[in-house]
Amino acid sequence: MAPLKAILFDMDDTLIDWSQGDGSFHQLELERFQSVCDYLVGLGYTPPSPAWLVEQLPQRAERAWKIAHETLISPHLPQLIMDMLFEAGIPNTALDVPTFIEYYGWDAAPGVMPFRDVPPALDIFVQHGIQLGIVTNAYQTAPMRQRELKTQSLWHYFQHCLITAADVGRLKPHPSIFQAALSALNVQPHETVFVGDNLVADVLGSQRMGMKAVWRKVAHHHYSQATQESILPDATITDFTQLFPHLDAWFPAWR
Ligand SMILES: [Mg+2]
């Protein structure tokens, strides 16, 4: 019987509960764009107004995600915004991605927290020497989402493996994003369990790789009957404490 070496998690609505945001996102977005624009003004450029950028971004993002869901080629938020700036007359040479991220900043959305059952379960996995990783379909880069994880006191669990679709260039369920995590932790699929809330991206994607796939069912999501009938997780949980008996059955020596 294979040992359990790693557990990989989706991030949003698996580790982080997005049902509790406080709605201040728009104001924060304005402040982020103001910071980028101030930087560009300081270099002698004439950027568009932060308000215009805030207004444009959702439409651009929606278009990019529509294509992405068809192709599984991931959008890239910094690149998307830098393209908008380019179209508004700011040359490509004005900003590189790390500089953009430095001024744009990023952090946890106010009011959005980890699910309460998450940190105690992660502590137990760490105590038993299980490696942990995140595989997210986020269009932010890893350094951006790392800031959120630090604010939410989760970063120390995932510092060896935080894989975002923006960085890999592919979205779950594409195999290459899962493979990036397996390579980062130097583990094989049959030694790995995946936990996620999305039946297609997380459950189907990880099962195709040869991992055990756990569906984290979240109360504030609606799942179509057809999807639920066609994709069968190896286990379904509503709380991380429910993971333990499944791990005991699949990997009897894990604890
Ligand atoms: Mg999710």
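Keep in mind that this is a model prediction, so the values were computed, not measured. Every chain is numbered independently, its residues counted from 1 as its sequence is written. Local features in a predicted model are, by the rule used here, given only for residues with pLDDT of at least 70; side-chain atom pairs are given and counted only at 80 or more, and totals for whole chains, interfaces and linings are based on all residues. For the side-chain quantities, the full set of heavy atoms in the structure was used; hydrogens and water were omitted.

Caption draft 1: Seen up close, the overall build of the protein chain. Each helix and strand in the protein chain was counted, giving 12 helices and eight strands. For the C-alpha atoms alone, the extent of the protein chain along its principal axes is close to 65 × 35 × 35 Å. Relative to its full complement of 255 residues, the protein chain shows a buried share of 49%. Should any heavy atoms of two residues lie within 4.5 Å, those residues are considered in contact. Sequence-distant contacts in the protein chain: of pairs separated by 6 or more residues, those separated by 24 or more amount to 70%. Note on areas: Shrake-Rupley with a 1.4 Å probe; residue coverage comes only from the protein chains shown. Of the accessible surface of the protein chain, which amounts to about 12000 Å², a share of 54% is contributed by carbon and sulfur atoms. Per the convention used, a helix needs a DSSP run of H or I reaching at least four residues, while a strand needs a run of E reaching at least two, with both numbered from the N terminus. A simple rule labels every residue: compare its accessible area, found with a 1.4 Å probe on the protein chains alone, to the largest value its type can have, and call it buried under 20%, exposed over 50%, or partly exposed in between.

Caption draft 2: Fine view of the coordination of the magnesium ion. Protein-derived coordination of the magnesium ion comes from Asp-10 (OD), Asp-12 (O) and Asp-197 (OD), at a distance range of 2.1 to 2.2 Å. Here the donor residues of the magnesium ion are spaced in sequence according to D-x1-D-x184-D. Linking Asp-10 in the loop between β1 (6-9) and β2 (16-17) with Asp-197 in the loop between β6 (192-196) and α10 (199-209), this pair joins segments that are 187 residues apart in sequence. Neither residue differs from the other here; Asp-10 and Asp-197 are each classed as buried. Coordination shells were defined by N, O and S atoms within 2.8 Å of each metal, extended to 3.2 Å for Na, K and Ca; water is absent from the atom set, which can make sites look incomplete.

Caption draft 3: How the structure looks around the packing of helix α1 (residues 25-42) against helix α2 (residues 50-71). Packing of α1 against α2 leaves a shortest axis separation of 8 Å and a crossing angle of 125°. With respect to α2, the axis of α1 lies oblique. For the pair α1 and α2, the sense of crossing is right-handed. The residues of α2 that touch α1, namely those facing His-26, Glu-29, Leu-30, Phe-33, Gln-34 and Cys-37, are Pro-50, Ala-51, Leu-53, Val-54 and Leu-57. Classes in brief: Ala, Val, Leu, Ile, Met, Phe, Trp, Tyr, Cys and Pro nonpolar; Asp, Glu, Lys and Arg charged; the others, Gly included, polar. By residue class, the composition of the contact of α1 with α2 is eight nonpolar, two polar and one charged. Orientation is described by axes fitted as lines to C-alpha atoms, over the contacting stretch for helices, and by angles from 0 to 180 degrees between their N-to-C directions. To sort the angles, those under 35 degrees are grouped as roughly parallel, those over 145 as roughly antiparallel, those from 65 to 115 as roughly perpendicular, and the leftovers as oblique. If you view the pair so one helix is near and one far, a crossing is left-handed when the near helix is turned anticlockwise from the far one by less than a right angle, and right-handed when it is turned clockwise.

Caption draft 4: Representation of the side chain of Thr-14 in the model. With respect to the secondary-structure elements, Thr-14 resides in the loop between β1 and β2. Pairing of N or O atoms within 3.5 Å defines a polar contact, subject to two protein rules: one partner must be a possible hydrogen donor and the other a possible acceptor, and residues neighboring in sequence count only if both atoms are side-chain atoms. At 3.0 Å, the side chain of Thr-14 forms a polar contact with the backbone nitrogen of Asp-197. Beyond its immediate chain neighbours, meaning those up to four positions away, Thr-14 contacts Phe-115, Val-118, Val-195, Gly-196, Asp-197, Arg-216 and Phe-240.

Caption draft 5: Structural detail: the domain arrangement of the protein chain. For every domain, the bounds stem from an assignment made automatically or drawn from a database. Along its sequence, the protein chain is organised into domain 1 (6-19 + 111-250) and domain 2 (25-104). Domain 1 and domain 2 are separated by 28 Å when their C-alpha centres are compared. Summed over both partners, buried area is the accessible surface (1.4 Å probe) that two parts give up on being assembled. Summed over both partners, the interface of domain 1 with domain 2 comes to about 1200 Å²; 72% of that surface belongs to carbon and sulfur atoms. Interface area lost by domain 1 to domain 2 is led by Tyr-139, Met-144 and Leu-171, which between them contribute 54%. Within this document, salt bridges are pairs made up of a side-chain nitrogen of Lys or Arg and a carboxyl oxygen of Asp or Glu, the two lying within 4 Å of each other. In this structure, the connection of domain 1 to domain 2 is made through zero salt bridges. Among the elements of the structure, α6 (142-151) and α8 (165-168) are those that each provide at least two residues to the side of domain 1 that touches domain 2. For the side of domain 1 that touches domain 2, the class distribution of residues is seven nonpolar, five polar and three charged.

Caption draft 6: Quick peek at the environment of Asp-10. On the accessibility criterion, Asp-10 (6% relative accessible area) is buried. The sequence separation of Asp-10 and Thr-164 amounts to 154 residues, and the corresponding C-alpha distance is 9.9 Å. Setting aside its immediate chain neighbours within four residues, Asp-10 contacts Leu-15, Val-135, Thr-136, Lys-172, Phe-194, Val-195, Gly-196, Asp-197 and Asp-202. A distance of 2.8 Å separates a polar atom in the side chain of Asp-10 from a polar atom in the side chain of Thr-14. In terms of polar contacts, Asp-10 uses its side chain to reach the side chain of Lys-172, at 2.9 Å.

Caption draft 7: Representation of the packing of α2 against helix α3 (residues 77-87) within the structure. Following both chains from N to C, one finds α2 and α3 inclined at 125°, their axes separated by 10 Å at the closest point. Comparing their axes, α3 and α2 come out oblique. In this structure, the crossing between α2 and α3 has a hand that is right-handed. Residue-level contacts link Leu-53, Gln-56, Leu-57, Arg-60, Ala-61 and Ala-64 of α2 to Leu-77, Leu-80, Ile-81, Met-84, Leu-85 and Glu-87 of α3. The residue inventory of the contact of α2 with α3, partitioned by class, reads nine nonpolar, one polar and two charged.

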